[in-house]
Amino acid sequence: LLELKWDRFGKKTFLGVQAFFLIIIALFTDGFLMHHPGNCDRGYPSRVASGGCALVIFVLMSYLIMRQWFNGQMTEVKILKSVVVPAPRLLCNPWNFARYVSMVCLVWSAFTTLNECSVPAPGAEPLHPSSPSDASALHLDDGIHQITVLQFITAITAISMWGQLIQGLVISTRLAALTYTIGQLFSDVTRFMILMGIILVSF
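This is a predicted model, so every value here is computed, not measured.

### What about the confidence of the model for the protein?
Here the protein averages 77 in pLDDT, and 76% of its residues register 70 or above. At the level of individual helices and strands, the protein shows its lowest average pLDDT in helix α6 (residues 173-202), which scores 77, and its highest in helix α2 (residues 44-70), which scores 90. Low confidence marks residues 134-141, where pLDDT is under 50. Its contacts with residues over four positions away, or in another chain, come to 5 contacts.

### Here's the deal with the nonpolar core
Formed by 18 residues in total, the largest nonpolar core has its most connected members in I24, F28, I57, M103, L106 and M161. Elements that contribute at least two residues to this core include exactly α1 (2-33), α2, α4 (94-112) and α5 (149-164). Those residues in contact with L106 that lie beyond four places of it in its chain are I24, F28, F32, S50, A54, T157 and M161.

### A closer look at the side chain of N96
Along the chain, N96 falls in helix α4. From its side chain, N96 meets the backbone oxygen of L90 in a polar contact 3.4 Å long. Beyond its immediate sequence surroundings of up to four residues, N96 is in contact with M61 and L90.

### Observations regarding α2
An ideal rise of 1.5 Å per residue puts 39 Å on 27 residues; α2 measures up with 39 Å between its terminal C-alpha atoms. Just past α2, the residue G72 takes up positive phi, approximately 75°.

### Concerning the packing of aromatic side chains
Evaluation of the coordinates by the stated rule reveals 3 aromatic pairs. With centroids separated by 6.3 Å and ring planes inclined at 85°, the aromatic side chains of F20 and F21 adopt a geometry described as edge-to-face. One cation-aromatic arrangement involves R99 over F21; the distance from NZ or CZ to the ring centre is 5.4 Å.

### Structural notes on the environment of G51
Relative to the assigned elements, G51 resides in helix α2. It is 9.9 Å that separates the C-alpha atoms of G51 and G31, two residues lying 20 residues apart in sequence.

### With respect to the packing of α2 against α4
Orientation of α2 relative to α4, taken along the N-to-C sense of each, is 135°, at an axis distance of 8 Å. On the basis of the axis angle, α2 is oblique to α4. Considering only the axes of α2 and α4, their crossing is left-handed. Between α2 and α4, the contacting residues are R47, S50, G51, A54, L55, I57, F58, M61, S62 and I65 on the first element and N96, Y100, M103, V104, L106, V107, A110 and F111 on the second. The class makeup of the residues in the contact of α2 with α4 is 13 nonpolar, 4 polar and 1 charged.

### Let's talk about the packing of α4 against α5
Running from N to C, α4 and α5 cross one another at 150°; their axes reach a closest spacing of 8 Å. The pairing of α4 with α5 is recorded here as roughly antiparallel in orientation. Seen from above, α4 lies across α5 with left-handed handedness. For the pair α4 and α5, the contacting residues are W95, A98, R99, V101, S102, M103, C105, L106, W108 and S109 in the first and V149, L150, I153, T154, I156, T157, S160, M161, G163 and Q164 in the second. For the contact of α4 with α5, the residue count by class is 12 nonpolar, 7 polar and 1 charged.

### Considerations on the side chain of S102
Structurally, S102 can be placed in helix α4. Not counting chain neighbours up to four residues away, the residues in contact with S102 comprise T157, S160 and M161.

### A word on the environment of A110
Summarising the element assignment, A110 is placed in helix α4. Of the residues examined, A110 reaches a relative accessible area of 1% and is grouped as buried. Expressed as a C-alpha distance, the spacing of A110 and F32, which sit 78 residues apart in the sequence, is 8.8 Å. Each residue touching A110, except ones within four places of it in the same chain, is listed here: F32, R47 and G51.

About the criteria used
- Each residue is numbered by its place in its chain's sequence as written, counting from 1.
- In keeping with the predicted nature of the model, local features appear solely for residues at pLDDT of at least 70, side-chain atom pairs appear and are counted solely at 80 or more, and the whole-chain, interface and lining totals rest on all residues.
- Heavy atoms throughout the structure, all of them, feed into the side-chain values; hydrogens and water do not.
- pLDDT expresses how confident the predictor is about each individual residue, on a scale running from 0 to 100.
- Only DSSP runs of H or I reaching four residues or more are called helices, and only runs of E reaching two or more are called strands; each is numbered from the N terminus.
- Residues count as neighbours in contact if any of their non-hydrogen atoms are within 4.5 Å of one another.
- Working definition of a nonpolar core: buried Ala, Val, Leu, Ile, Met, Phe, Trp, Tyr and Cys residues. They are joined through side-chain atoms within 4.5 Å.
- Here the term buried applies to any residue with accessible area under 20% of the maximum for its type, exposed to any over 50%, and partly exposed to those in between, with areas from a 1.4 Å probe on protein chains only.
- Whenever two N or O atoms come within 3.5 Å, that pair is a polar contact, provided that in protein one can donate a hydrogen and the other can accept it, and provided that, for residues adjacent in sequence, both atoms are side-chain atoms.
- Helix span is expected to be 1.5 Å times the residue number reduced by one.
- Stacked, edge-to-face and tilted labels apply to pairs of Phe, Tyr and Trp rings (six-membered ring for Trp) whose centres lie within 6.5 Å, assigned for plane angles under 30 degrees, over 60, and everything in between, in that order.
- Whether a charge lies above a ring is judged from NZ of Lys or CZ of Arg, which has to be within 6 Å of the ring centre and within 35 degrees of the ring normal.
- What counts as an axis is a line fitted to C-alpha atoms, over the stretch in contact for a helix, and the angles between N-to-C directions run from 0 to 180 degrees.
- The labels follow the angle: roughly parallel below 35 degrees, roughly antiparallel above 145, roughly perpendicular from 65 to 115, and oblique for the rest.
- If you view the pair so one helix is near and one far, a crossing is left-handed when the near helix is turned anticlockwise from the far one by less than a right angle, and right-handed when it is turned clockwise.
- Charged means Asp, Glu, Lys or Arg here, nonpolar means Ala, Val, Leu, Ile, Met, Phe, Trp, Tyr, Cys or Pro, and polar covers whatever is left, Gly included.

Right under this line is the structure:
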């Protein structure tokens, strides 16, 4: 029965959600990664479209989260095997959590750049995607590149949006088993990274 429901309804819905997020990723890539956010002539429509789609998803997911919170649909989540935190069931799914984080970051990135962009003067050298938004930061001493808050947030957005696409591997039985195995090993990798971080900081 579950296989029949998946074949007739679940698979189509799942692929539709993945396709919708692929469109958002394409708009985000064109608006923030291929063109500088400070340019109003290039990438501006993509930034507005991606921000609008992200806002709709953010509002919808926030509504579902609040509804689960008030209805008591909570699940206890263990953090570092010692701290138990109640969380709505929607966010207990790592893929949904990655989507929610990416939508929050994308909404912030899109709407904070709407009033900061400008059309380059004729003959002026266009800004590259990784150029700092502040014109005074273009001439830093010793070739130091300034990492802005916007670049940091867009990096988190890109990692979260591309990361949630890993869920698409469940279509294949073999790849689904591989994804589950990697997820189980990720806790060991996390502890190893914490240990390496302590060693690097002390060094």
